[in-house]
Amino acid sequence: MIDSQEQRDAPIEIDVGGLLRALTSSANGKYLWTSGEEGVRVWRVEDGKQVATMETGVVWCLAMSRDGRRIAAGTLLGDVFVGDAKTYEKVFSHREDFQNINGVDFSPDSTRLVSASDNHTATVWEIETGERVRALHHEYGLKAARYSPQGDRIATASSNSIRIWDSNDGCLLVDIKEGLTPWYNTGLLWFNNHLVVISDSKIKQFEASTGSAVSEWSVPESDDYSCIVLPKHGEFIVYSTQRTVTFWDTVTHTQLALIQYSQDIRSIALSADDRFVATCGIGKGITIKPLPRITGPVIQIDDTALDSWKHDQLAHAEILLTTTIRAFASKNSTHHALASRALVRARLQQWDEAITDAKKSIEIQPSILGYIAKGVALVGKGKKQKAYRACDIAFERFHSTYVTFLLLVKAIVVFMAGEHDDAISRVRDLIDVVQSDSICHAYMHFLLGNSRMESGDYNGAIQLFERARAQALYHPSQALLVVSLISGWKFNELNMTVRQRLCEALYAASRIKEAGESVLNIVNTVDEDVYMAEPINAWLPDILQRCLSTPENSGDTTLPSSPMPLLREWVKSKLRGGSWKDALVASVNFTAPRFTIYQALCDHLETLDQLTVATECFRQMNSELAEERILHAEQVEWVFDFNERLSMKLDYLGDAAVNANQLDKAICEYSSALSLNPLFLQDVLVKRSKAYIALRLWEDALNDANKVITLNPLSPWGYERKHAALHGSGCYDDAISTFETMLLMMSQSPDPEIRERHCQYISPEQTKAAIRLSIENAIRESPLVLVNTDSGCLLDKSGQAHSFESQPIFLELISFMTTHIDHARIDREVAEYYRYATFSHKWEDNEPLFENVVRIVVYDLVESPTHDKLQMFCKIVRDSGFHWAWSDTCCINKADHFVLQEALVSMFKWYEGAAVTIVLLRGVRSPSKRGDLVRSIWNTRAWTLQEYHASKVVRFYTEDWKPYLDLDIPNHKESPEIISEMEEATGVSVRALMALRPGLNDIREKLRLASTRQTMRVEDAAYSLLGIFSMSLGVVYGEGDKALGRFLAQLLTSSGDTSILAWTGQSGSFNSCLPANIAVFNQPLSTYIPLALEHAEMDGITTRLRSSSLDSTSVVRLYDRLYELPVPSFVGQRMKLPCLIFKLGRLSVYRSTWGDVFRAQTSSLGVVEIRSEEDLSRFGSLYLVHPWIDFLLDRQPDGGVLAETIPEENPDEQSSSAQAGPSNITPAVPQTRAARLVARLGLPSGGRSATFPRDPSSLWSPSGKSFPRHSSASLRPPSSLSPTEMQMRALQVIARLRQPFGALLLTPDPSNVAAYRRVAADSLITVQVEDITSSILKKLIDSVRTLDVL
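Just so we're clear, the structure is a prediction, and the values are computed from it rather than from any experiment.

Rules and cut-offs
- Residues numbered from 1 in each chain as written.
- Predicted model: local features only at pLDDT ≥ 70, side-chain atom pairs only at ≥ 80, totals over all residues.
- Heavy atoms only, no water.
- Helix = DSSP H or I, 4+ residues; strand = E, 2+ residues; numbered from the N terminus.
- Buried < 20%, exposed > 50% of the residue type's maximum accessible area, 1.4 Å probe, protein only.
- Contact = heavy atoms within 4.5 Å.
- Areas by Shrake-Rupley, 256 points an atom, 1.4 Å probe, with all protein chains shown as cover.
- Axes fitted to C-alpha atoms, helices over the stretch in contact; angles between N-to-C directions.
- Parallel < 35°, antiparallel > 145°, perpendicular 65-115°, else oblique.
- Left-handed = near helix turned anticlockwise from the far one by under 90°.
- Nonpolar A, V, L, I, M, F, W, Y, C, P; charged D, E, K, R; others polar.
- Disulfide = S-S within 2.5 Å.
- Pairing = 2+ DSSP bridges.
- Salt bridge = Lys/Arg side-chain N within 4 Å of Asp/Glu carboxyl O.
- Core = buried A, V, L, I, M, F, W, Y, C linked by side-chain atoms within 4.5 Å.
- pLDDT = per-residue confidence, 0-100.
- Phe/Tyr/Trp six-rings, centres within 6.5 Å; stacked < 30°, edge-to-face > 60°.
- Lys NZ or Arg CZ within 6 Å of the ring centre and 35° of its normal.
- Expected span 1.5 Å × (residues − 1).
- Lys, Arg positive; Asp, Glu negative; His and termini not counted.
- Polar contact = N/O pair within 3.5 Å; in protein donor to acceptor, adjacent residues only side chain to side chain.

Caption draft 1: Broad picture of the overall build of the protein chain. When you go through the protein chain residue by residue, the secondary structure sums to 47 helices and 51 strands. Buried positions account for 53% of the 1350 residues belonging to the protein chain. Looking at the protein chain alone, contacts between residues at least 24 apart form 59% of all its contacts between residues at least 6 apart. Carbon and sulfur atoms make up 49% of the accessible area of the protein chain, which totals about 59600 Å².

Caption draft 2: Structural context of the packing of helix 19 (residues 633–659) against helix 20 (residues 663–674). Remark: helix 19 packs on helix 20, axes separated minimally by 8 Å, with the N-to-C direction vectors making an angle of 165 degrees. Taken together, helix 19 and helix 20 sit at an angle that is classed as roughly antiparallel. Between helix 19 and helix 20 lies a crossing of left-handed hand. Touching Ser647, Leu650, Asp651, Leu653, Gly654, Asp655, Ala657 and Val658 of helix 19 are Leu663, Lys665, Ala666, Glu669, Tyr670, Ser672 and Ala673, all from helix 20. Here the residues of the contact of helix 19 with helix 20 sort into eight nonpolar, three polar and four charged.

Caption draft 3: Representation of the state of the cysteines in the model. Under the criterion given, the structure shown has zero disulfides. No disulfide involves Cys890; its sulfur sits 3.9 Å from the nearest other cysteine sulfur, which is in Cys891. Given the relative accessible area of 0%, Cys890 is considered buried.

Caption draft 4: Structural detail: the sheet that holds strand 33 (residues 836–840). The six strands lie next to each other as 32-31-34-33-35-36, forming an open sheet whose pairing is mixed. Each of the sheet's edge strands pairs with one partner strand only, and the pair in question is strand 32 (794–795) and strand 36 (954–958). Two elements, strand 31 (residues 786–788) and strand 34 (residues 884–886), share two bridges in a ladder whose sense is antiparallel. What sits directly across from Val787, in strand 34, is Ala885.

Caption draft 5: The arrangement of the pattern of salt bridges in detail. What the rule picks out here adds up to 59 salt bridges. Between Arg70 and Glu128 there is a salt bridge; the shortest N-O distance is 2.4 Å. Taken as a pair, Arg70 in strand 8 (residues 70–75) and Glu128 in the loop between strand 13 (121–126) and strand 14 (132–137) lie far apart in primary sequence, 58 residues in all. Residue classification places Glu128 among the exposed residues on the basis of a relative accessible area of 59%. We note a salt bridge from Glu616 to Lys581, for which the minimum N-O separation is 3.2 Å. Residue Glu616 is located in helix 18 (residues 611–624), and its partner Lys581 is located in helix 16 (residues 580–586); the two are separated by 35 residues in the primary sequence.

Caption draft 6: Representation of the nonpolar core. If you look at the biggest cluster of nonpolar residues, it comprises 170 residues, and the most contacted ones within it are Phe956, Leu1007, Phe1029, Phe1047, Leu1051, Leu1122 and Leu1184. In contact with Leu1007, other than residues within four places in its own chain, are Leu1025, Phe1029, Phe1047, Leu1048, Leu1051, Ile1060, Ile1078 and Phe1081. Of all hydrophobic cores here, the second largest spans 122 residues; its members include Leu314, Tyr388, Ala472 and Leu646.

Caption draft 7: View of the sheet that holds strand 9 (residues 79–84). The strand order across the open sheet formed by four strands is 7-8-9-10, and the pairing between neighbours is antiparallel. The sheet terminates laterally at strand 7 (59–64) and strand 10 (90–95), the two strands that pair on one side only. Direction aside, neighbouring strands of the sheet carry axes that sit 15 degrees apart on average. Where strand 9 meets strand 10, five bridges bridge the pair, whose relative direction is antiparallel.

Caption draft 8: Highlighting the confidence of the model for the protein chain. With 89% of its residues at a pLDDT of 70 or more, the protein chain shows a mean pLDDT of 83. Low pLDDT, under 50, characterises residues 1–8; the predicted model gives this stretch 28 contacts beyond four residues in sequence or across chains. Confidence over residues 1198–1275 falls short of pLDDT 50; this stretch has 174 contacts with residues more than four positions distant or in other chains.

Caption draft 9: Representation of the packing of aromatic side chains in the model. The tally for this structure, following the rule as stated, stands at 34 aromatic pairs. Judged by centre distance (4.4 Å) and plane angle (15 degrees), the ring pair of Phe839 and Phe873 falls under stacked. Note that Phe839 is positioned in strand 33 and Phe873 in helix 31 (residues 865–879), a separation of 34 residues in sequence. Like Phe839, the residue Phe873 is buried in the burial classification. Taken together, the ring pairs in this structure connect Phe415, Tyr443, Phe446, Phe465 and Trp489 into an aromatic cluster. Note that Arg266 overlies the ring of Tyr225, its terminal NZ or CZ placed 3.6 Å from the centroid.

Caption draft 10: Expanded view of helix 10 (residues 478–487). Of all ten residues that make up helix 10, ten are buried, and the element is covered over most of its length. By the burial criterion, the buried members of helix 10 are Gln478, Ala479, Leu480, Leu481, Val482, Val483, Ser484, Leu485, Ile486 and Ser487. In the segment just after helix 10, Gly488 is the residue with positive phi, at about 85 degrees.

Caption draft 11: Representation of the packing of helix 41 (residues 1095–1106) against helix 46 (residues 1283–1297) in the model. Two elements in contact, helix 41 and helix 46, have axes whose closest approach is 9 Å; the angle formed by their N-to-C orientations is 110 degrees. In terms of their interaxial angle, helix 41 and helix 46 are classed as roughly perpendicular. Contact with helix 41, carried on its side by Met1098, Ile1101, Thr1102, Leu1105 and Arg1106, involves Met1288, Leu1291, Gln1292, Ile1294, Ala1295 and Arg1296 of helix 46 and no other residues of that element. Grouping the amino acids of the contact of helix 41 with helix 46 by side-chain chemistry returns seven nonpolar, two polar and two charged.

Caption draft 12: Structural detail: unusual backbone geometry. Of note, the bond from Ser926 into Pro927 is cis; its omega dihedral lies within 30 degrees of zero at 0 degrees. Within the secondary structure, Pro927 is located in the loop between strand 35 (916–921) and helix 33 (932–935). We note that Asp312 has phi near 60 degrees; this positive angle belongs to a residue other than glycine.

Caption draft 13: Representation of helix 5 (residues 368–380) within the structure. When the terminal C-alpha atoms of helix 5 are compared, their 19 Å separation across 13 residues agrees well with the 18 Å that a helix rising 1.5 Å per residue should span. Of all the 13 residues making up helix 5, eleven are buried; the element is thus mostly covered by neighbouring parts of the structure. Ile368, Leu369, Gly370, Tyr371, Ile372, Ala373, Gly375, Val376, Ala377, Leu378 and Val379 are the residues of helix 5 that are buried. At the exit of helix 5 stands Gly382, carrying a positive phi of roughly 85 degrees.

Caption draft 14: Expanded view of the side chain of Arg134. For Arg134, the position within the fold is in strand 14. Buried and without a salt bridge, Arg134 has Asp169 as its closest oppositely charged side chain, separated by 6.3 Å. A distance of 2.9 Å separates a polar side-chain atom of Arg134 from the backbone oxygen of Ser167. In terms of polar contacts, Arg134 uses its side chain to reach the backbone carbonyl oxygen of Asn168, at 2.6 Å.

Caption draft 15: Spatial organisation of the pairing of strand 13. Judged by how many residues are buried, strand 13 sits mostly within the fold: six of six residues are covered. Residues of strand 13 alternate between two faces, with Thr121, Thr123 and Trp125 on one and Ala122, Val124 and Glu126 on the opposite face, all of them buried. As judged from the five bridges shared by strand 12 (residues 112–117) and strand 13, these two strands associate in the antiparallel manner. Paired with Arg112 across the strands is Glu126, a residue of strand 13. The hairpin turn running from strand 12 into strand 13, its antiparallel successor, is three residues long, and His120 in that turn takes a positive phi close to 70 degrees. What sits between strand 13 and strand 14 in their antiparallel hairpin is a turn of five residues, with Gly130 showing a positive phi close to 75 degrees.

Caption draft 16: The environment of Ile543, seen in detail. Considering the arrangement of structural elements, one finds Ile543 in helix 14 (residues 536–549). The buried category is assigned to Ile543, whose relative accessible area is 0%. Note: C-alpha distance between Ile543 and Gln500 (43 residues apart in sequence) is 9.3 Å. Contact partners of Ile543, with chain neighbours within four places excluded, come to Glu504, Tyr507 and Val519.

Caption draft 17: Here's a closer look at the environment of Ser1054. Looking at where Ser1054 falls in the secondary structure, it is placed in helix 40 (residues 1042–1055). Note on Ser1054: relative accessible area 8%, which makes it buried. Distance from Ser1054 to Phe1130, taken between C-alpha atoms, is 9.5 Å for residues 76 residues apart in sequence.

Caption draft 18: Summary view of the environment of Trp217. Among the secondary structure elements, Trp217 is positioned in strand 22 (residues 213–218). According to the relative accessible area criterion, Trp217 is buried, its value standing at 6%. Along the backbone, Trp217 and His253 are 36 residues apart, and their C-alpha atoms lie at a distance of 6.6 Å. The contacts of Trp217, once residues within four sequence positions are left out, are Lys202, Ile203, Gln205, Ile237, Trp248 and His253.

So this is what it looks like as structure tokens:
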């Protein structure tokens, strides 16, 4: 240890008159070299005089060569120079491109110099030649560079890394990811094979060969100017920062001393003889102070070996030291290890080996430890005088540094030699000089006291132990550490050991009271960590046990009147590692009363917060001492207070455990409280019941609730807990009844607060009403009749609604909702229950109908193929978790016309609302293969079209009820295999199929899809499409193809879509313009309605027309006539058909391979040929009509309105879309197309307008392409157009009139000359208006008509 109080010389102050940056000492210690703004200066230490100056500019760093012959410096501007230390002349200089030089260092042989600069480079120089030998690079600016003591390596450091290089070839050896804090070479040095650095307010050591961290310890806050230096002996490190210099043991890393300065320090240096330390900095001077006194040597061995030695693992320490000695046998540094092994072997009483090691150590290099080891070993051999002589030699050689330490060791050696009085006298004399060494004196008294104990002189031992206790104050120091290692004396444990031995001596001397007081003194004065540590933790219960078990000596009036203090400490020590029951057994021989022992146990258990255990102990006390009916007043008071206090604490701990969600613990605490105090019974029972409920321990919770009700039948809280327990156990009926009782108790309670809380609850009837309302909403859109898959019965809406109330979930919801109605959960549970599945299949003979199943369970139907089909459908639905199933065979009462009507209209919606649709592929057996679906009968039926498209989730099954293609996914509609087959079957992409929606959009494409389907009954061709088009139609089975006619008539009237008229074939009985069979719609629409003209083509035609001889007034008049035409519609079976009509001339006929072909001349269309099986010559008059008015006006029908644009103030605005809903009633027909459009849109005449283009979501068009978009200017009605725009619109109509179109062939009705009938043609009649001249234009104007067609 370093003693800073004793100083050998007075400090020296040298005034230098300016800021200094660096400081170093000459080799002989007589001079100091400094650097700063005035260059490099030399000062004599003896008198502080400046003896020389070297003009170099501002110098940042200095270095003295090891032989003292040269001085090196680095400057602010990048100059590096070397000077002669005697003549002060420069022998080398170089400038580094105006980069700061932060560090310089000489190689050990002084031939080379390394410099570290801000330009990320350390440069190695050959001093004699000035040659740059090599450069060592970093990523950041360098702060320091140092040669290793052997000169084979160079260490460089920056703010983020430290690197070690081979000095011979410049190879990087080690890269340590640690930054250096100080600049100017002050924070980096070599120590043996270690690097020592200052980093982040720590001194850190790294193994130089591997870069691994060896040790680190915290020091006062470091900064850019912190410094470290190392004396030659390497026993401590000197560290400076700001105004402080501290000294640190290199082995223990403990702070040895501290010196404060009045100025900030920039650099420090040690003298060559390690006698003084010099500092300089911001002030104007150099301060030279002697090093503090060193009072103990450092054990310089491996840390692992030293640690084993400290912990008395002597054999292991010997092995480690032997390994070190063998590893470095050829080096002179083994003397430390040999001396240390000699001391270890002396501790092991291997005297001869210890003497041999000590002699070898001294031969290599004399040292303090070497002579001490020799002396200790000789004492062990009984050679006292030689041992004393070895100590004397050590004193003679090292007394100037270690005088106090050596005198102390000599005294210990004398004590070891058995001359105790002499040794004690020597140490007593030293105490006056060094107060901290009094502990050695105490240890000697302690050892003597142990000897007296062994001889039975207990009173003598007591006196010695008391002396030792008075002096056993331990202050850690290096000297005491070394003494402890030499002697084996444990100074850090001495105080406690002496006090323990004193207690033992007092007890052995039968001074029981004093022994007990001494024990209590130990307990009350030691720290908790000492109290808990071995060996006192094991010793204390034993000594207390003996004191408490020793009978009182009646003649000893000094015995304590109450053993409670000792008893409490005994309980405390026993319960630390054992149970209260073990302690109770161990106390059987105590002289204290049994009640007192229990009292101490209970009180300490309460102190430990082991309240449940304290309750158990307290209850056993009551049971054991029940026969002792008479207790003292203070005992009775304690019992009452403890009982009350413990009950309240347990209740509180139970509440805290509940809040922390530690329910098991809460139940334990509540149970303990219930076992103690009946005053808390009701409230605690309620809490425990609640905890049981949270743990789903329903029976235990119910028992507690019933106990509460028994204690207070009028309290609502017992019923509240009982309701929760019954609800949790699934007894919902009883739970609801109990809840109603709780509400009754609350409403009748005399407590106004409880009555007020009644308003926070809802009654079960309120929940029932909410559930029933949710049921009504859930089944409103579902089928009228469903099969309950659980019971197999058909149930109508009423039955469906009531079925939910028979489910456990109905009562569970009522029981669950006590404070508010959770509508979201009700809706969720109800919706889940009423999810239903639909059936899609091919009808067969003897299907089970409504009247066959309505009064029988589906699962009880007699065996038949169709019955089995229905039963398997219901079973699959049930096994899939659905309670409801719908099949069009048995779930529609076809005898009820209104029910049938609603079913046909709603069927699409029902399939759309189904959770899943089960499809049975009759004729497809497993194992199924790809293509079976395309070829299946199911794919040809009319009804299955809407069933598939409406359903969101579909599952296909083969006729033996195996998943189609063994698909194992919830929705087959998402299967790539199914998608591919449906595209193949329909000829439509899956994207278009998925876009198909019910309503009046995509009319022609829906008709095309339906045209390939078949029905068992003719009427179903129409009825199967009602849902797809969202239409209502009277159902009249037996009317034949009139059903299709009525359907198409209403569809045309509702939509205005004349594409319905584009077909060839046989006319139906309803109207001659409507077909007898839906199959005709499989014909391509583009062959009837002309293709739209591209903009460029249109522009070319209108340009030519504008320059023609056509009268512009006539052109506009034609447009006006067409625009004023009404939309086509039906009134009854009569159709109002707006069109252009062309009368045919006289017919001629000729035969071809396809049959008769009729030819006629027209004034506007030229020669027309018509192929028909019917004899057209029998008709008096024939007319060809052009019904595609929307094409001519460049408008397309979409749903219930026509794509039309009403005038806007800003024609450049984007249009907004609207789509009319389905129409179930045929409206009155306005007189003009414009008026009807305004009426359908609900707009006032002449009001603000909006554009209604074709629905952008529609992917379908008659040509297979989307309809072209039009500018709003081209679609505005004539009244809003300028003359120029009007003429352009009219010319565009003329251009479209010249396009080929499919014409309808009409003839006047014989029975009604004002009406017409369509004449069937076997093929398309394609005609085209010839070049339009003025005369033809006049005829075209006259041909604009609205015809009545029957």
